[in-house]
Amino acid sequence: PAAQAGLGRRARRANLRDAFEVDALPPGTPVCLFDDVLTTGATLRELARAARAAGAGRVTAVVLARTPARAELRPDIA
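Scoring rules and cut-offs
- Residues numbered from 1 in each chain as written.
- Predicted model: local features only at pLDDT ≥ 70, side-chain atom pairs only at ≥ 80, totals over all residues.
- Heavy atoms only, no water.
- Pairing = 2+ DSSP bridges.
- Helix = DSSP H or I, 4+ residues; strand = E, 2+ residues; numbered from the N terminus.
- Right-handed = clockwise from strand over helix to strand, strands pointing away.
- Buried < 20%, exposed > 50% of the residue type's maximum accessible area, 1.4 Å probe, protein only.
- Contact = heavy atoms within 4.5 Å.

Novice: What should I look at first to understand the pairing of strand 2 (residues 56-66) in this one?
Specialist: A regular strand places its side chains on the two faces of the sheet in alternate fashion. Inspection of the sheet shows strand 1 (residues 29-38) paired to strand 2 by eight bridges, in the parallel sense. The residue of strand 2 that forms the bridge with L33 is A61. For the crossover that starts at strand 1, traverses helix 2 (residues 42-53) and ends in the parallel strand 2, the hand is right-handed.

Written as structure tokens, this is what we have:
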């Protein structure tokens, strides 16, 4: 996939579609995903999809930081 920087929400999702593959897991295996910065959630969403397709049960995500939503930066545009 191309670099995510500068892409909007829809473009990020399209850019990562089918970008990850997870080897087969025993059915119901719990999976924990880690991400340093959550921007739109596109990366975690696609990784979770790939994990579930491989047999994962519960998928949990942990992030260290997130970028603020536009409405948080400019409440007047919400």
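Novice: For this particular structure, what's the right way to read the environment of L33?
Specialist: Within the fold, L33 resides in strand 1. L33 gets classed as buried once you look at its relative accessible area, which sits at 13%. For L33 and A48, which are 15 residues apart along the polypeptide, the C-alpha to C-alpha distance reads 7.8 Å. Those residues in contact with L33 that lie beyond four places of it in its chain are L44, L47, A48, V59, T60, A61 and V62.

Keep in mind that these numbers describe shape and distance, not what the molecule does.
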